[in-house]
Amino acid sequence: MHTGFDYDVAVVGGGPAGLTSALYTTRLGLDTVVIDRGGGRAAMMQETHNVIGITEETSGNELLQTAREQVQGYGADVERGFVESVTPLGEGADDGFRVETDAESYRVSRVVLATGFADKRPDPPLPPTGRGLHYCLLCDAFMFVDEPVYVMGAGEAGAHVAMILLNFTDDVDLLTRGEDPSWSDETATMLEYHPVDVVTAEITGMNKSDDGWLESFEFEDGQVRAYSGGFPMYGSDYHDEVVEGLDIERTEDGSVAVDDHGQTSVDGVYAVGDLTPGYSQIPVAMGEGAIAGITIHKELRAFPRSLEEFETEGSVTDADVPALSAELATTAVEHDGHAHSPDDPDTK
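Source: prediction; values computed, not measured.

Q: Describe the overall build of the protein chain, with residues and values.
A: The helix and strand tally for the protein chain stands at nine helices and 16 strands. Seen through its C-alpha atoms, the protein chain measures out along the principal axes to roughly 80 × 50 × 35 Å. Looking at the protein chain alone, contacts between residues at least 24 apart form 56% of all its contacts between residues at least 6 apart. Total accessible area on the protein chain stands at roughly 17,700 Å², and carbon and sulfur atoms take up 48% of it. Across the protein chain, the 19 positively charged side chains and the 66 negatively charged ones have centroids separated by 4 Å.

In structure tokens, the structure reads:
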């Protein structure tokens, strides 16, 4: 561990992106704490889609629980808490940061923000999430091939998603729920040339099957229209309290601006996952988390020492290596994945 810090790395957020960052920083020898307030988009998933090697019957909570156990097994600490602020301790990244939670305070060398966002939910009546109410077109469109589907929304996003769904089914309704459409004239013309029914009446009721899946919506004009599922398109709210406090640069849509390694405009603070621009997908989030973790390792690893460092610190001695804390070293040696772990047949 770097002198003067409680941890080398604090990861704020315990979703797939944050846990992957922690996996890499911990396995690469950096003392890491994950601070997770719980919940999140991944935790809401009834099933896991588009994650290679993970079967669909795996729920989001099961995926996250396994990931937490993996990260802890390598020596990271996973704490439940709400991070209230992150404050630089000096002018540069090497001075570190103070991370304040609702119960603890940590001095850390680097920070990874993985707080994500929450999808804006339309007003009820609504089916259960994952049983007719879905927020990820890229994840769930496959489920509705050749099925009747809806899109809720009166803006550009809703109109375009409705037309995109025609790639999967010929039965698509765009439900404005009594709102005046705000899409452009060009989009209005596009809708006219696509077989999408625009339903303007508000929803007054919902019917579900015995297994809890959506069967149909009832509308104020007396219509009853059958649907297997659909997608609300009302935008998202970023969990950005810490971002606001650090005055980090944002993009036009409100996401956190980062470089190719996840570095934000505040040196030493990284952002990964749904908080950043791009596709909100678990594999993408994991990739971003891995890249940030590797980048932080390269920044903080002790060796090789530069020629300039030799002038102040001298040659590397036997006492200097290996360059990881005693706790992480012990955990690594005792872990099943170690070269000479108890499960290694050559050691039995």
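Okay, back to it.
Q: Lay out the state of the cysteines with the relevant residues and their values.
A: Note on terminology: a disulfide is the covalent bond linking the sulfur atoms of two cysteines. Going through the model one piece at a time under the given rule, you end up with one disulfide. Cysteine 136 shares a disulfide with cysteine 139; S-S distance 2.3 Å. Here cysteine 136 and cysteine 139 share a disulfide; its torsion about the S-S bond, 65°, makes the bridge right-handed. Taken individually, cysteine 136 and cysteine 139 each receive the classification buried, so the pair is uniform in this respect.

Q: Could you give an account of the packing of helix H1 (residues 16-27) against helix H2 (residues 60-73), with specific residues and numbers?
A: In contact at an axis separation of 9 Å, H1 and H2 are set at 20° when each is read in the N-to-C sense. Looking at the two axes, H1 sits roughly parallel to H2. Crossing geometry of H1 relative to H2 is assigned as left-handed. On the side of H1, the interface is formed by Pro16, Leu19, Ala22 and Leu23, while H2 contributes Leu64, Ala67, Arg68 and Val71. Counted by class, the contact of H1 with H2 contains seven nonpolar, no polar and one charged residues.

Conventions and cut-offs
Residues numbered from 1 in each chain as written. Predicted model: local features only at pLDDT ≥ 70, side-chain atom pairs only at ≥ 80, totals over all residues. Heavy atoms only, no water. Helix = DSSP H or I, 4+ residues; strand = E, 2+ residues; numbered from the N terminus. Contact = heavy atoms within 4.5 Å. Areas by Shrake-Rupley, 256 points an atom, 1.4 Å probe, with all protein chains shown as cover. Lys, Arg positive; Asp, Glu negative; His and termini not counted. Charge placed at Lys NZ, Arg CZ, Asp CG, Glu CD. Disulfide = S-S within 2.5 Å. Buried < 20%, exposed > 50% of the residue type's maximum accessible area, 1.4 Å probe, protein only. Axes fitted to C-alpha atoms, helices over the stretch in contact; angles between N-to-C directions. Parallel < 35°, antiparallel > 145°, perpendicular 65-115°, else oblique. Left-handed = near helix turned anticlockwise from the far one by under 90°. Nonpolar A, V, L, I, M, F, W, Y, C, P; charged D, E, K, R; others polar.

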